[in-house]
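Summary of structural features
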Amino acid sequence: MTNWINGALATFTFEVRRSFSFHRLVVAIGLAMFPPVMLNVVARIAFTRGGRVAADVAQYMEFAMVFLVALVCVLMLLLWATPNVHSELEGKTWNFLVIRPGGRIACFLGKYLVAVAVAFGTSFVSLVGCVLVAQYYGGLEDPLYTLACLTGVYGLACIVYGAIFSLIGTIFIKRAMVVGAGFLIGVEGILAALPAVVSKFTMSYHLRETGLAWLGWFVPYSEYQYRIQFGPAWPAWWHVACIMLMTIVGLCVGMIVITSRQYITSEE
Amino acid sequence: MIELDGVSRLYKTVIGVNDISLSLKPGVYGLLGPNGSGKTTLINMILGQIKPTLGTVRLFGQNPWRRSKLLRRVGLCPALEFSYPRVSSLQWVSYLVQMHGFSRRDAVVRAKQALEMVNLGHVMNQAMTEYSLGMRQRAKLAQAIAHDPELLILDEPFNGLDPVGRFEMTALLKKWEADGRSLVLASHILHEVEAVNPSFLLIYGGRLLASGAPDEMRRILASSPNVLTIKSNGARKLAALLAGQQAVKKTRFIGENQIEVETMVMSEVLNLLPRAVTELGVSIDDVESNDESLKSLFSTLMKIQRGELLAGKAQ
């Protein structure tokens, strides 16, 4: 256990150091700036026209912000968490890592931590930009409170989706990103939007409910209609507990898979 | 130290390793076999990275599959070529030592010592992408020895090394042996393995063809035919001279100025060449052993396996 933690922290430090390049920094900043820029463009057009349009945009600004930053968050996780095993096999560095005591688990956890840290960092920068833009156009009542709540929600999103994508990376080696994207669209997009019990098993439902509990109503249709479709509200702690449980399950299953599978590099 | 009992490994319908049984006590071993003979598969099974389809593997008395604690006692230098952009050998080796449970400070100290040992001390802060193939090979060796393992397994460690690098690597492995530590050296080139004087394990087509002490292998080698290619301006005269010799089994013209000579005793043929130059007045431009002795050794062993030759009486 101590070796796992030491190894995971060593992997985290090593990966962060080696990944820090100008090219990657530019990509991360570009992604982080996408939501604030989009929000600014939409708001500028709307507020130039004024009247009803401007009022609508101001009403939905919080929702647009949540949606755009969520895209950045899952995209970063998809890029960083899913290729956890594949990148090592492809780079032929897998054999050097796994011949260490607890090396497979340390590598899995270390790369998970890197993915969470990078995705959270990018999402946070993006979120700050969005809050500033929304505040400029007067779309937020309490910007600091909104920022704090959404930071918490995106922190949870990074933790849980990082675990799910890391698990996918251990199971599907060659098409991990495709499977990850399919999971996002199919399960976290379509399934989570179904007015049925099955939607409650998705993480986007729990994250949405946590956001609603902390932030208040920001979804662009009536609460009454929403509650008819998705059922009554539960306390925030319940949703956070579900998210944490899913994270633990994802990581544990991932650790079992990575230690049980016989990964073979292409040259072998 | 290592025990294999009826071990086979299948990759779908392809046999990687075929029914190998052996027991290795601590010592120095040369795992010899041509490319694709199953050496890496065997090493991966010994280290618990893949499971045998049949049979059992024991490393230090335990099944290595999912017992990664055993790996604290082993150092592996894989044959794979890898690349980490912007990472120095010191960073890389320190990281891998940390994975063994050492603190960051201890890991750096051990990594520096190991890199000094393989003569990379002066470039240990440089990015490994700037290294030559031989330097990367030495960095790979450093990560294998930095945590001070009992058993060192090297898969094709001489790949990419220049003659000086080969000499230094051999000296290092001899020192490792002299320190009383165990070594398994996998290679497809006989003379590289011979240099550290190990007990041999000869593997071909996934099967263990022979194993034994260096003297035993030399005896088998001595009875294996060797093929020499000689380039000379008087190839016909030379062929006539060699054809009359008892040591020469067969001569064949490859081109106008080139002959191929098959012999059981290569040294006798080589001794004849100066006589050919002085007596026949021909010039010898090139002499090449194109079967690299290992090929002929495997060919002999395969014949023994198939019953075409009797062991020890190969002709």
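Here the structure is a predicted model, which is why all the values come from computation and not from measurement. Residue indices begin from 1 for each chain and proceed along its sequence in written order. Chains carry letters from A onward and ligands carry numbers from 1 onward, assigned in written order. Local features in this predicted model are restricted to residues whose pLDDT is 70 or higher, and side-chain atom pairs enter the listing and the counts only when it is 80 or higher, whereas totals over whole chains, interfaces and linings include all residues.

A word on the overall build of chain B. A run of H or I in DSSP counts as a helix once it spans at least four residues, and a run of E counts as a strand once it spans at least two, with each numbered from the N terminus. When helices and strands are tallied, chain B shows 10 helices and 13 strands. Counting the 315 residues in chain B, one finds 43% classified as buried. Whether two residues are in contact is decided by their C-beta atoms, placed from the backbone, lying within 7 Å. For chain B, restricting intrachain contacts to residue pairs at least 6 apart in sequence, the fraction spanning at least 24 positions comes to 64%. A residue is called partly exposed when the number of other C-beta atoms within 10 Å of its own lies between 12 and 20, exposed at 12 or fewer, and buried at 20 or more, with C-beta atoms placed from the backbone.

A few words now on helix 5 (residues 163-178) of chain B. The span one expects for a helix is its residue count, reduced by one, times 1.5 Å. The end-to-end C-alpha separation of helix 5 of chain B is 22 Å, in line with the 22 Å expected for 16 residues at 1.5 Å each. B:Gly180 sits one or two residues past helix 5 of chain B and shows a positive phi near 80 degrees.

What follows covers the domain arrangement of chain B. Either an automatic procedure or a domain database provided the assignment from which the domain bounds are taken. When cut into domains, chain B gives domain 1 (2-212) and domain 2 (225-292). The C-alpha centroid of domain 2 of chain B is placed 39 Å from the C-alpha centroid of domain 1 of chain B.

Here the focus is the interface of chain A and chain B. Taken together, the 28 residues of chain A in the interface contact 28 residues of chain B. Among the secondary structure elements, those contributing two or more residues to the side of chain A that touches chain B are helix 1 (2-19), helix 5 (94-98) and helix 6 (103-136) of chain A. A per-element tally of the side of chain A that touches chain B places helix 1 of chain A first, with eight residues. Across the side of chain A that touches chain B, the residue classes tally to nine nonpolar, 13 polar and six charged. Throughout, the ten residues Ala, Val, Leu, Ile, Met, Phe, Trp, Tyr, Cys and Pro are labelled nonpolar, Asp, Glu, Lys and Arg are labelled charged, and all others, Gly among them, are labelled polar.

With that out of the way, let us pick up the pairing of strand 9 (residues 207-212) of chain B. Pairing between two strands requires that DSSP report at least two bridges joining them. In terms of strand pairing, strand 8 (residues 199-204) of chain B meets strand 9 of chain B through five bridges, oriented antiparallel. Within strand 9 of chain B, the position partnered with B:Leu201 by the bridge is B:Ser211.

Moving on to the environment of B:Met117. All names here are of chain B. Among the secondary structure elements, Met-117 is positioned in helix 3 (residues 104-117). C-alpha of Met-117 to C-alpha of Leu-96: the two residues are 21 residues apart in sequence and 17 Å apart in space. Not counting residues within four places of it along the chain, the set of residues in contact with Met-117 comprises Ile-145 and Leu-172.

The next thing to look at is the environment of A:Ala64. Residue and element names in this part refer to chain A. Turning to its location among the elements, Ala-64 is positioned in helix 3 (residues 51-81). By C-beta crowding, Ala-64 is classed as buried, having 20 other C-beta atoms within 10 Å. Sequence spacing of Ala-64 and Glu-88 is 24 residues, and the spatial spacing of their C-alpha atoms is 37 Å. Excluding residues within four positions of it along the chain, Ala-64 makes contact with Leu-39 and Val-42.

On to the confidence of the model for chain A. When the pLDDT values of chain A are averaged, the result is 86; 94% of them are 70 or greater. Confidence, expressed as mean pLDDT per element, reaches its minimum in chain A at helix 10 (residues 223-230) of chain A with 77 and its maximum at helix 11 (residues 236-260) of chain A with 93. The pLDDT value expresses, per residue, how confident the predictor is, ranging between 0 and 100.

All names here are of chain B. Angles shown run from 0 to 180 degrees and are taken between the N-to-C directions of axes, each axis being a line fitted to C-alpha atoms and, for helices, limited to the stretch in contact. It is at 8 Å that the axes of helix 2 (residues 89-98) and helix 3 come closest, and there the two elements cross at 125 degrees. Our classification of the angle between helix 2 and helix 3 gives oblique. As helix 2 packs across helix 3, the resulting crossing turns out to be right-handed. Side by side, helix 2 and helix 3 meet where Ser-89, Leu-90, Val-93, Ser-94, Val-97 and Gln-98 of the first sit next to Arg-104, Ala-107, Val-108, Arg-110, Ala-111, Lys-112, Ala-114 and Leu-115 of the second. Residues of the contact of helix 2 with helix 3, tallied by class, amount to eight nonpolar, three polar and three charged. Reported orientations rely on four angle classes, namely roughly parallel under 35 degrees, roughly antiparallel over 145, roughly perpendicular from 65 to 115, and oblique for the rest. For any pair of crossing helices, the crossing counts as left-handed if the nearer helix is rotated counterclockwise from the farther one by less than a right angle, and right-handed if it is rotated clockwise.

This part is about the sheet that holds strand 4 (residues 54-59) of chain B. All names here are of chain B. Taken together, three strands build an open sheet; the order of strands is 2-1-4 and the sheet is antiparallel. Bordering the open sheet on either side are strand 2 (14-24) and strand 4, each of which pairs with just one other strand. Averaged over all pairs of adjacent strands, the angle between their axes in this sheet comes to 25 degrees, without regard to strand direction. The sheet contact formed by strand 1 (residues 2-11) and strand 4 spans five bridges and is antiparallel. If you follow Leu-4 over to strand 4, its bridge partner there is Val-57. Across the sheet, helix 1 (residues 39-46) touches strand 1, strand 2 and strand 4, and the angle it forms with strand 2 is around 60 degrees.

Owing to its 3.6 residues per turn, the α-helix aligns residues three or four sequence positions apart on the same side. Residue and element names in this part refer to chain A. The end-to-end C-alpha separation of helix 9 (residues 203-215) is 18 Å, in line with the 18 Å expected for 13 residues at 1.5 Å each. For helix 9, the complete set of buried residues consists of Met-203, Ser-204, Tyr-205, His-206, Leu-207, Arg-208, Glu-209, Thr-210 and Gly-211. Residue Gly-216 follows helix 9 closely and has a positive phi angle near 95 degrees.

Between helix 1 of chain A and helix 2 of chain B, the least distance of the axes is 9 Å, while the angle of their chain directions is 160 degrees. As far as their axial angle goes, helix 2 of chain B and helix 1 of chain A are roughly antiparallel. For the pair helix 1 of chain A and helix 2 of chain B, the sense of crossing is left-handed. On helix 2 of chain B, the residues touching A:Asn6, A:Ala10, A:Phe14 and A:Arg17 of helix 1 of chain A are B:Gln91, B:Tyr95 and B:Gln98. Within the contact of helix 1 of chain A with helix 2 of chain B, the residues separate by chemical class into three nonpolar, three polar and one charged.

Let us look at the confidence of the model for chain B. Residues and elements named next belong to chain B. Looking at chain B as a whole, its pLDDT mean stands at 81, while 88% of the residues score no less than 70. Averaged pLDDT values for the elements of chain B fall to 65 in helix 10 (residues 294-306) and rise to 92 in helix 2. For this predicted complex, the interface confidence reaches an ipTM of 0.81, while the overall pTM sits at 0.81.

So, about the pairing of strand 1 of chain B. Note: strand 1 of chain B against strand 2 of chain B, seven bridges, orientation antiparallel. Following the sheet pairing, B:Tyr11 is matched in strand 2 of chain B by B:Val14.

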